[in-house]
Amino acid sequence: MKIKYITIIVLVLTVFISCGKKQKENDGRISEYIRPASMYYSKQDTADIRNLINQYLSYFKAKDLEAAADMLYFVRHDSILPLDQERRSRFINLYKMFPVYDAKEKSFDLMSDRNNQIKIMFQIQKDGDLMKEQGVMSFSLNPVVKDGKWYLTLYDKDAEGVEDIYKER
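Residues numbered from 1 in each chain as written. Predicted model: local features only at pLDDT ≥ 70, side-chain atom pairs only at ≥ 80, totals over all residues. Heavy atoms only, no water.

### A few points about the overall build of the protein
1) Next: The helix and strand tally for the protein stands at four helices and six strands.
2) Next: Listing each helix as α and each strand as β along the protein from the N terminus yields α-α-α-β-β-α-β-β-β-β.
3) Next: Here the protein holds 169 residues, and 28% of them are scored as buried.
4) Next: At a minimum sequence separation of 6, the contacts of the protein that also span at least 24 residues come to 52%.
5) Next: For the protein, the exposed surface amounts to about 11,700 Å²; the carbon and sulfur share of it is 54%. (Helix = DSSP H or I, 4+ residues; strand = E, 2+ residues; numbered from the N terminus. Buried < 20%, exposed > 50% of the residue type's maximum accessible area, 1.4 Å probe, protein only. Contact = heavy atoms within 4.5 Å. Areas by Shrake-Rupley, 256 points an atom, 1.4 Å probe, with all protein chains shown as cover.)

Given below as structure tokens:
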């Protein structure tokens, strides 16, 4: 009878010990793949970005594409510039083609001063569902900071300073 209990205790301990080792191994491997942000984000940075996104979404939902476009910039070398007339017109004309019933932020990834991605989903079908991602389309914004001020740019994987954070090195 004692041998039976001792055997069960040994088996249970073996399982706990081996699970603990696997968890420690996995923690080490995971940290190899997830790179930390290259800058420190304060609560104010996050609040500033959230305010920009919320204002942008309110314009976009209201179909005020002119005001939404006025919030967009692009990066050239060390400067952040408002959209030029050609880019602004392309943006407005593209999104005019879609009915917008609702919009929301899908994801919020911050990595550096120029390499961030806020994914925006918008509902284009009357019977669509943002929560189920049915009847929706999406695009991404890239908040960038210059001299402590945040600006919204359209996410462009080929833009200056943007790097795919999931790409293997």
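### Things to note about the nonpolar core
1) Next: Formed by 27 residues in total, the largest nonpolar core has its most connected members in Ile53, Tyr56, Phe60, Phe91, Phe139 and Leu141.
2) Next: When residues of this core are traced back to their parent elements, those giving at least two are helix H2 (43-61), helix H3 (65-70), strand E1 (72-76), helix H4 (85-96), strand E3 (102-110), strand E4 (116-123), strand E5 (136-146) and strand E6 (149-154).
3) Next: Here this core takes five residues from H2, the largest share from any one element.
4) Next: Non-local contacts of Phe60, meaning those with residues more than four positions away in its chain, are made with Leu65, Tyr95, Val100, Ala103, Phe122 and Phe139. (Core = buried A, V, L, I, M, F, W, Y, C linked by side-chain atoms within 4.5 Å.)

### With respect to the pattern of salt bridges
Opposite charge on two side chains permits them to pair, given that their charged atoms come into close proximity.
1) Next: Tallied over the entire structure, the rule returns nine salt bridges.
2) Next: Salt-bridge contacts for Arg88 lead to Asp70; the nearest nitrogen and oxygen are separated by 2.7 Å. Taken together, the residues span a long stretch of sequence, with Arg88 in helix H4 and Asp70 in helix H3 at a distance of 18 residues.
3) Next: Given the relative accessible area of 14%, Arg88 is considered buried.
4) Next: Given the relative accessible area of 49%, Asp70 is considered partly exposed. (Salt bridge = Lys/Arg side-chain N within 4 Å of Asp/Glu carboxyl O.)

### A look at the pairing of E3
Remember that side chains alternate between the two faces of the sheet whenever the strand is regular.
1) Next: With eight bridges connecting them, E3 and E4 associate as antiparallel partners. Bridging from a neighbouring strand, Phe108 pairs with Ile118 of E4.
2) Next: Linking two consecutive strands that pair antiparallel, namely E3 and E4, is a turn of five residues. (Pairing = 2+ DSSP bridges.)

### Comments concerning the confidence of the model for the protein
1) Next: On average, the protein scores 80 in pLDDT, and the residues at 70 or more come to 70%.
2) Next: Between the elements of the protein, mean pLDDT differs from a low of 50, seen in helix H1 (residues 2-33), to a high of 96, seen in H3.
3) Next: The low-confidence segment residues 21-34 (pLDDT under 50) makes zero contacts with residues lying over four places distant or belonging to another chain. (pLDDT = per-residue confidence, 0-100.)

### Notes on the pairing of E1
1) Next: Pairing geometry for E1 and E6, over two bridges, is parallel. Considered in E6, the bridge of Leu72 is made with Leu152.

### Digging into the packing of aromatic side chains
1) Next: As enumerated under the stated definition, the model contains 12 aromatic pairs in all.
2) Next: Ring-pair connections join several aromatic residues into one group, and the members of that group are Tyr56, Phe60, Phe91, Tyr95, Phe98, Phe122 and Phe139.
3) Next: For Arg50, the ring lying beneath its charged end belongs to Phe108, and the centroid distance is 4.0 Å.
4) Next: We note Arg87 situated over the ring of Phe74; from NZ or CZ to the ring centre the distance is 3.8 Å. (Phe/Tyr/Trp six-rings, centres within 6.5 Å; stacked < 30°, edge-to-face > 60°. Lys NZ or Arg CZ within 6 Å of the ring centre and 35° of its normal.)

### A look at the sheet that holds strand E2 (residues 79-82)
1) Next: Ordered in space as E2-E1-E6-E5-E4-E3, the six strands form an open sheet in which the pairing is mixed. Of all strands in the sheet, those with a lone pairing partner are E2 and E3, marking the two edges. Strand-to-strand twist of the sheet, defined as the mean angle between neighbouring strand axes without regard to direction, takes the value 40°.
2) Next: As paired elements, E5 and E6 share six bridges and run antiparallel to each other. (Axes fitted to C-alpha atoms, helices over the stretch in contact; angles between N-to-C directions.)

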